[in-house]
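# Fold and contact review
Residue-level listing of the chains:
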Amino acid sequence: MHRNDANLATSTSFSTGDSSEIFGIPVTVERDGDQFLVTDCEINMYGVGDTVEDAVEDYKSVVLEYSELLEKRAERLSEHLMRHLRYLRTKAQHFGQEQ
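Quick caveat, the model's predicted, so the values are computed rather than measured.

### As for the packing of aromatic side chains
Scanning the model with the defined rule gives 1 aromatic pair in all. Judged by centre distance (4.9 Å) and plane angle (65°), the rings of Phe-23 and Phe-95 are edge-to-face. One end of the pair, Phe-23, is in the loop between β1 (19-22) and β2 (25-32); the other, Phe-95, is in the segment after α2 (79-91), with 72 residues separating them in the sequence. The same class applies to Phe-23 and to Phe-95, which are both buried.

### Overview of unusual backbone geometry
Even without glycine at this site, Phe-23 takes up a positive phi of about 60°. Residue Phe-23 is classed as buried on the basis of its relative accessible area, which comes to 1%. Even without being a glycine, Asn-44 presents a positive backbone phi close to 60°. By the secondary structure assignment, Asn-44 is in the loop between β3 (35-40) and β4 (46-49).

### Some thoughts on the nonpolar core
In this structure, Ile-25, Val-38, Ile-43, Tyr-59, Val-63 and Leu-88 are the most contacted members of the largest nonpolar core, which totals 24 residues. Put simply, the parts of the chain that give this core at least two residues each are β2, β3, α1 (52-72) and α2.

### Focus on a negative patch on the surface
A cluster of like negative charges, contributed by Glu-30, Asp-32, Asp-34, Asp-50, Glu-53 and Asp-54, occupies part of the molecular surface. If you list the elements that add at least two residues to the negative patch, you get β2 and α1. Relative to the helices and strands, Glu-30 resides in strand β2.

### As for the pairing of β1
The sheet contact formed by β1 and β2 spans 4 bridges and is antiparallel. By the bridge assignment, Ser-19 is partnered in β2 with Thr-28. Counted along the chain from β1 to the antiparallel partner β2, the turn is 2 residues long, and its residue Phe-23 has a positive phi close to 60°.

### Digging into the pairing of β4
Side-chain alternation along β4 places Gly-47 and Gly-49 on a buried face and Tyr-46 and Val-48 on a face that remains uncovered. Where β3 lies against β4, 4 bridges are found, and the strand directions are antiparallel. Paired with Phe-36 across the strands is Gly-49, a residue of β4.

### Focus on α2
For α2, built from 13 residues, the straight-helix expectation of 18 Å at 1.5 Å per residue is met to within 8% by its first-to-last C-alpha distance of 19 Å. Where α2 is concerned, the buried positions are Met-82, His-84, Leu-85, Tyr-87, Leu-88 and Lys-91. Buried residues belonging to α2 abut β2 and α1.

Cut-offs applied
- Starting from 1, residues in each chain are numbered consecutively following that chain's sequence as written.
- Restriction of local features to residues with pLDDT of at least 70 applies here, the model being predicted, together with a cutoff of 80 or more for giving and counting side-chain atom pairs; totals for whole chains, interfaces and linings are based on all residues.
- Values shown for side chains rest on all heavy atoms present in the structure; no hydrogens or waters enter the calculation.
- Only Phe, Tyr and Trp rings take part, Trp by its six-membered ring, and two of them pair if their centres are within 6.5 Å. Stacked means planes under 30 degrees apart, edge-to-face means over 60, and tilted covers everything else.
- To qualify as a helix, a DSSP run of H or I must reach at least 4 residues; to qualify as a strand, a run of E must reach at least 2; elements of each kind are numbered from the N terminus.
- Relative accessibility under 20% of the residue-type maximum defines a buried residue, over 50% an exposed one, and the middle range a partly exposed one, all with a 1.4 Å probe and only protein chains included.
- The nonpolar core is taken to be a set of buried Ala, Val, Leu, Ile, Met, Phe, Trp, Tyr and Cys residues, with the residues joined through side-chain atoms within 4.5 Å.
- Nonpolar side chains (Val, Leu, Ile, Met, Phe, Trp, Tyr) are joined into patches within 5 Å and like charges within 9 Å, using only residues with over 30% relative accessible area and no salt bridge.
- All accessibility values rest on the Shrake-Rupley procedure with a 1.4 Å probe; residue burial counts only the protein chains present in the view.
- When a carboxyl oxygen of Asp or Glu is within 4 Å of a side-chain nitrogen of Lys or Arg, the pair counts as a salt bridge.
- For the purpose of charge, His is not counted, nor are the chain termini; Lys and Arg are scored as positive and Asp and Glu as negative.
- Each charge is placed at NZ for Lys, CZ for Arg, CG for Asp and CD for Glu.
- Two strands pair if DSSP finds at least two bridges between them.
- Each residue after the first adds 1.5 Å to the expected span of a helix.
- Here a residue-residue contact requires only that any non-hydrogen atoms of the pair lie within 4.5 Å.

Structure below.
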């Protein structure tokens, strides 16, 4: 699932091997062959792209869609997914701020 959103542009500079934050979520940027990966250990999401910037944008899109999906199904979630939703709710203040 990917979403095209003008608010997903990033002003943060990332490079391979960096640990940083996106939406307040700690992430790591890695190179995997000819692709870049942005991964996290909190909600186990990732983004992939031909460039670091593309991978960051992909990660943001995935996190936003995952958050929306969990919100829509909040009453039917397993405890594991409810933990993800509660975590994302604590980060929601950052969703519109990263440009």
